[in-house]
Amino acid sequence: MGDTQSKNFIEVEIENDLKNNKNKEIVTRFPPEPNGYLHIGHAKSIIYNYQIAKKYNGKFHLRFDDTNPQKENEEYVKSIIDDVNWLGVDYNNEVLFASNYFDKMYEFAVLLIKKGLAYVCDLSADEIKKYRGDYNSIGKNSPYRDRSIEENLKLFEEMRNGKYENGEKTLRAKIDMSSPNLNMRDPVIYRIAKINHHNTKDKWCIYPMYDFAHPLEDAIEGISHSLCTLEFEDHRPFYDWVVKNCEFKYPPRQIEFAKLYLTNVITGKRYIKELVDKKIVDGWDDPRLVTISALKRRGYTPNSLKNFVELSGISKANSSCDYELLEYCIREDLKLKTKRMMAILDPIKLIIENYPTDKIEYLEIPYNVENESIGIHRFSFSNELYIEREDFQINPPNKYYRLYIGNEVRLMGAYYIKATRYEVDEFGNVKTVYAIFDENTKQDGRVIDRKVKGTIHFVDAKTAKSAEFRIFENLVDEEKGKINPDGTINYNKNSLTKKYGFIEKELADAKAFDSFQFIRTGYFNVDYKDSSKDNLVFNRIVDLKSSFKL
RNA sequence: UGGGCCAUAGCCAAGCGGUAAGGCACAGGACUUUGACUCCUGCACUCGAUGGUUCAAAUCCAUCUGGCCCAGCCA
C-alpha cells in the first residue's frame, strides 16, 4: 500500500550516510531478547527495519539478543520466530544469535584490556552502585581500576574459567567516573553467571552486558544502521566508544525512534504478563491483547499491520496512536478479500405468512460486489427466517427504515416484505415477527416498480447452523486510566461478550483463521482455539462503521 | 537536582527562511440491494509561551513552560 511520499528523519540520515560513502550497503536488524512474546510495538520495529532495508536494497537480519541466560529460553525463541515468519519479512532464512559471537566478544574484551581500556573489578554490586555516584555527584574510581594489563588479562581468563563465583568480579570499561552520563562511568561489560544458556549450554560462565554486546553484534554482522527506541539514546556514546575502540572499519550507527503506543490497549510486557498471570485473559494470544499471536488469532493480517506501521509514522515524539487507525487498516485489507456472508448474532424469528411452508429456494448474489472474482454466493430461503433483533422495532425511532409494522423492507438478495404483526415472550421481548412477501420483488435483476429505503439481512432458519460470536470491547478502561497508581491494570470487565446466533449453512465448513465479512455486523474470523465442528466460534475482528445509532 | 531527548489540529505526521502536505477520527452532502464501501465538501489566519533577528520565522537566536528517558552485575 501507499508509498509514503515524505521521508522521515531516519531516512534522511541514511541517505546522507549513503551519499558520504559511510556504508557499503544498508543492513538493519530486529534484535529481540527471547524473554517473552512479541507485541505490536515489536511489529513496528520488525516491519520498519525491514522496510528500510528493502527501500535501500539492503538486508534485514533477525538476531536474538540472548546475552542474559537468566531470562531467556527456547520457547520464546520459537514463538518469536513464528511471529516474525507470520509477518512475512525476509531475513534471508537465517536466524542469528548474539550467543554465537561469544568467542569474538571475548576476544574484543581482551583487546580492550590490552589497550588499557578495561579492567577486572572486585567491587560488589552494591559497592559499584555507591562508587558510581548519582545525578548530583560524580563517581569515584574503583580501587581496582589501575591493575596492570597482565593482571587484568590473567584475572579475566580466570573469570572465564570459572574460578570466581557469581558477583565476585566484573570486567569494566575504563572511561570516566565523572561523566554526566552515568552510562560512561566505567560500565560493567562482563559479569559472571554460572548458569546454562539455551544456546551455548555450559560453555560460558561469563556473559557480556547488553551495552558491550550490542554494538559488537551489529558491527560483526555489518549492520549499517541500528534502529532502536528512545530509551537507548543515553547509551549511544558507549555504543560509539565500543565500535571505535574495537576498530571496526564500517562502524554501525545507532539511531533512536519513539516507541509505538496505542490507545485502548496495553502494550508493555509487564502488564500483558499481569493479565495473563491473573487469568483475566485466555493466555498470551487472547484476542483482546495486542501480542502478535493475539492479533493473529483475532484476525488481523500481516498486511494490515504493515500498513498500520507505515501510516502511523516514525518520529522522536512520544505519542499514542488512535486504535481507530489499526481498525481502519484491517478493514481496508479485508474489504476486497473476504466473502460477504450473512449471520444473525442476536436472532428473532421472522415468519413469512404467504410463502409456502414446504418450499426452500436458492438465491444467488456475488460474494463481494466490489470484487466479483470471488464468486457467487448461493443461499437458501424459506418461510422461516432469523433476523437481527435490532432490525425490528415496535416503536421505531425517527428515521428508522428497517422493519416495523406496516413498513416494507428488502431482505437482502431475496424479496420485499412487510411486517404485519409480532409476538413477545413473557418478558415483553419480541420473539417472532410475521410478515408477507411480494413475489414480484425477487432480487434477480428484474426491475421493481418501487424502491425501499431499508435492506436487512437474514438466514434461513430451516438450513441455518448455530454458532457463537465473540464481541470484544477495550480490555482496559481508558476513562479511569489504564494503570492504577499501585501499578495494577484497570481492566474493563465487559470486554468480552458472547452471543449465540445463526450462520448460513455454507459457513459451517469454515476453518480456523478463515475470515469473513458478515453483512452489516462486521469482519469476523474463526477462532482457532475454541472452535469445534459442532460449535463454531467467530471472533469479531472489527465492526463496520455506521452512521446509524439505534 | 546533573545529563539526554521531545513539543505542528481530537490522534499520528510532513515541513529545514518565502507565507501550514497527507492519513485516521469527526461533520455535512451524493450514491447505494450492507445506515457499509465509493465519491464530493468541510475541518490549524497558525505551529508549547514570550521576546529578538529579518523585507519575510513553524523554520534562526534567547529565555521560559510542559512532557519523556537515565543512578541493573536487565535488555
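Just so you know, these numbers come straight off a predicted model, no measurement behind them. Numbering of residues starts from 1 in each chain and follows the order in which that chain's sequence is written. Throughout, the order in which chains and ligands are written sets their labels, letters from A for the former and numbers from 1 for the latter. In view of the model being predicted, local features appear only for residues whose pLDDT reaches at least 70, and side-chain atom pairs are presented and counted only at 80 or more, with totals across whole chains, interfaces and linings using the full set of residues. Side-chain figures throughout are based on the complete set of non-hydrogen atoms in the structure, without hydrogens or water.

Colleague: Go over the overall build of chain A with me, naming the residues and quoting the values.
Modeller: The helix count covers DSSP runs of H or I at least four residues long, the strand count covers runs of E at least two residues long, and both are numbered beginning at the N terminus. When you go through chain A residue by residue, the secondary structure sums to 12 helices and 27 strands. With the radius of gyration taken over C-alpha atoms, the globule rule is written as 2.2 Å times the number of residues to the power 0.38. Relative to the 2.2 N^0.38 estimate, which gives 24 Å for 550 residues, the radius of gyration of chain A is 31 Å and therefore markedly larger than a compact globule would have. Principal axes of the C-alpha set define a box for chain A whose edges measure 100 × 50 × 40 Å. Burial status across chain A gives 53% buried among its 550 residues. Considering only contacts in chain A between residues 6 or more positions apart, those separated by 24 or more positions represent 71%. For chain A, the exposed area adds up to about 26,200 Å²; of that, 47% sits on carbon and sulfur atoms. Accessibility here uses a 1.4 Å probe with only protein chains present; expressed as a share of the type maximum, an area under 20% marks a residue as buried, one over 50% as exposed, and anything in between as partly exposed. Whether two residues touch is decided by their heavy atoms; if any such pair falls within 4.5 Å, the residues are in contact. Accessible surface is estimated by sampling points in the Shrake-Rupley manner with a 1.4 Å probe; for residues, cover comes only from the protein chains shown.

Colleague: Provide a residue-level description of the protein's contact with RNA strand B, including the pertinent values.
Modeller: A cutoff of 4 Å decides nearness: a residue is near a molecule or strand if any of its heavy atoms lies inside that distance of it. Among the 66 residues in the neighbourhood of RNA strand B, the closest are listed as Asn-136, Ser-312, Arg-340, Arg-402 and Gln-443. Any pair of nitrogen or oxygen atoms within 3.5 Å is treated as a polar contact; in protein, a donor-acceptor pairing is required on top of that, and neighbouring residues in sequence qualify only through side-chain atoms on both sides. The separation between a sugar or linking oxygen of RNA strand B and a polar side-chain atom of Ser-546 is 3.0 Å. Sorting the residues of the surface near RNA strand B by element identifies helix H5 (125-132), strand E6 (188-192), helix H11 (302-312), strand E11 (319-321) and helix H12 (323-335) as the ones contributing at least two each. The biggest single contributor to the surface near RNA strand B is H12, with 5 residues.

Colleague: Go over the domain arrangement of chain A, please, and point to the residues and values.
Modeller: Where each domain begins and ends follows an automated or database-derived domain assignment. As far as domains go, chain A holds domain 1 (4-257), domain 2 (269-338 + 468-542) and domain 3 (343-457). Between the C-alpha centres of domain 1 and domain 2 there is a distance of 35 Å. Between domain 1 and domain 2, the residue contacts involve 26 residues of the former and 23 residues of the latter. Buried area, as used here, totals the accessible surface that two parts lose on assembly, with accessibility defined by a 1.4 Å probe and the loss added over both. Here domain 1 and domain 2 share an interface that buries about 2,300 Å² over both sides, 71% of which is from carbon and sulfur atoms. For the domain 1 face of the interface with domain 2, the top three residues by lost area are Tyr-37, Ile-40 and Trp-86, together amounting to 32%. Salt-bridge detection follows one rule: a side-chain nitrogen of Lys or Arg within 4 Å of a carboxyl oxygen of Asp or Glu. At the junction of domain 1 and domain 2, the tally comes to 1 salt bridge. We note a salt bridge from Lys-316 to Glu-233, for which the minimum N-O separation is 2.5 Å.

Colleague: Kindly report on the sheet that holds strand E7 (residues 206-208), identifying the contributing residues and their values.
Modeller: Spatial strand order, E4-E5-E6-E7: 4 strands in an open sheet with antiparallel pairing. With partners counted over all chains shown, the strands left at the sheet margins are strand E4 (118-121) and E7, one partner each. Each strand axis lies, on average, 20° off the axis of its neighbour in the sheet, ignoring direction. Two strands are counted as paired when DSSP detects at least two bridges linking them. With 3 bridges connecting them, E6 and E7 associate as antiparallel partners. Among the inter-strand pairings, Arg-191 is bridged to a residue of E7, identified as Tyr-207. Angles here are taken between N-to-C directions and fall from 0 to 180 degrees, while the axes themselves are lines fitted to C-alpha atoms, restricted in helices to the stretch in contact. The sheet strands contacting helix H4 (residues 102-114) are E4, strand E5 (170-173), E6 and E7, and the helix crosses E6 at an angle near 120°.

Colleague: Quick rundown of the confidence of the model for chain A? Include the residues and the values.
Modeller: Overall, the prediction assigns chain A a mean pLDDT of 96, with 99% of residues at 70 or greater. Both confidence scores are given for the complex: pTM 0.96, ipTM 0.96. pLDDT measures the predictor's confidence residue by residue and takes values from 0 up to 100.

Colleague: Lay out the packing of H4 against helix H6 (residues 149-160) with the relevant residues and their values.
Modeller: Axis separation between H4 and H6 bottoms out at 9 Å; the angle between their running directions is 160°. It follows from the interaxial angle that H4 and H6 lie roughly antiparallel. As H4 packs across H6, the resulting crossing turns out to be right-handed. Packed against H4, whose contacting residues are Asp-103, Tyr-106, Ala-109, Val-110, Ile-113 and Lys-114, the element H6 presents Ile-149, Asn-152, Leu-153, Phe-156, Glu-157 and Arg-160 at the interface. The labels follow the angle: roughly parallel below 35 degrees, roughly antiparallel above 145, roughly perpendicular from 65 to 115, and oblique for the rest. It is the rotation of the near helix from the far one that decides the hand of a crossing: anticlockwise by less than a right angle makes it left-handed, clockwise makes it right-handed.

Colleague: Explain helix H3 (residues 74-87) to me, and be specific about the residues and the numbers.
Modeller: Here the expected span of a helix is defined as 1.5 Å times the quantity of residues minus one. Relative to the 20 Å expected for 14 residues at 1.5 Å per residue, H3 spans 20 Å between its end C-alpha atoms, a close match to the ideal helical length. All of the buried residues along H3 are Tyr-76, Val-77, Ser-79, Ile-80, Ile-81, Asp-83, Val-84, Trp-86 and Leu-87. The elements touched by buried residues of H3 are helix H2 (40-55), strand E2 (59-64), strand E3 (95-97), helix H10 (292-298) and H11. Residue Asn-73 occupies the N-cap position of H3, its side-chain oxygen lying 2.9 Å from the main-chain nitrogen of Glu-75. Gly-88 occupies a position one or two residues after H3 and carries a positive phi of about 75°.

Colleague: Describe the packing of aromatic side chains, and please don't skip the residues or the numbers.
Modeller: For any pair of aromatic rings, the description consists of the separation of the ring centres together with the inter-plane angle of the planes. Stacked, edge-to-face and tilted labels apply to pairs of Phe, Tyr and Trp rings (six-membered ring for Trp) whose centres lie within 6.5 Å, assigned for plane angles under 30 degrees, over 60, and everything in between, in that order. Counting across every chain of the model gives 32 aromatic pairs. An angle of 40° between the planes, with centres 5.1 Å apart, marks the rings of Phe-108 and Phe-248 as tilted. Taken as a pair, Phe-108 in helix H4 and Phe-248 in the loop between helix H8 (236-245) and strand E9 (253-257) lie far apart in primary sequence, 140 residues in all. For the pair Phe-108 and Phe-248, a shared accessibility class is recorded, and that class is buried.

Colleague: Summarise the state of the cysteines; cite the residues concerned and give the values.
Modeller: The definition used for a disulfide is geometric: two cysteine sulfur atoms within 2.5 Å. Evaluation of the coordinates by the stated rule reveals 0 disulfides. The thiol of Cys-321 is not disulfide-bonded; the next cysteine sulfur, from Cys-329, is found 8.9 Å away. Of the residues examined, Cys-329 reaches a relative accessible area of 2% and is grouped as buried.

Colleague: With reference to specific residues and values, describe the nonpolar core.
Modeller: In a soluble, globular protein the nonpolar side chains are often hidden away together inside. By size, the foremost hydrophobic cluster in this structure holds 49 residues, and its most contacted members are Ile-40, Ile-46 and Leu-326. Top element by residues in this core is H2. It accounts for 8 residues. When residues of this core are assigned to domains, at least three fall in each of domain 1 (4-257) and domain 2 (269-338 + 468-542). In this structure Ile-46 touches Phe-30, Leu-38, Phe-60, Val-84, Leu-87, Val-89 and Ile-292, once residues within four positions along its chain are discounted. Here the nonpolar core consists of buried residues drawn from Ala, Val, Leu, Ile, Met, Phe, Trp, Tyr and Cys, with membership extended through side-chain atoms lying within 4.5 Å. In this structure, Leu-96, Phe-108, Met-159 and Ala-219 belong to the second largest nonpolar core, which totals 40 residues.

Colleague: Quick one: what's the story with the sheet that holds E3, residue by residue and with numbers?
Modeller: For sheets, the rule is that strands pair by backbone hydrogen bonds, running either parallel or antiparallel. One open sheet accounts for 3 strands, arranged E1-E2-E3; its pairing is parallel. Each edge of the sheet is formed by a strand with only one pairing partner; in this case those strands are strand E1 (27-30) and E3. For this sheet, the mean inter-axis angle between neighbouring strands, taken without regard to orientation, is 40°. Examined bridge by bridge, E2 and E3 share 3 bridges and lie parallel to one another. Counted as the bridge partner of Phe-64 is Phe-97 from E3. On the sheet, H2 packs against E1 and E2 and is oriented at approximately 165° with respect to E1. Packing of H3 onto the sheet brings it into contact with E2 and E3, and relative to E2 it is tilted by some 160°.

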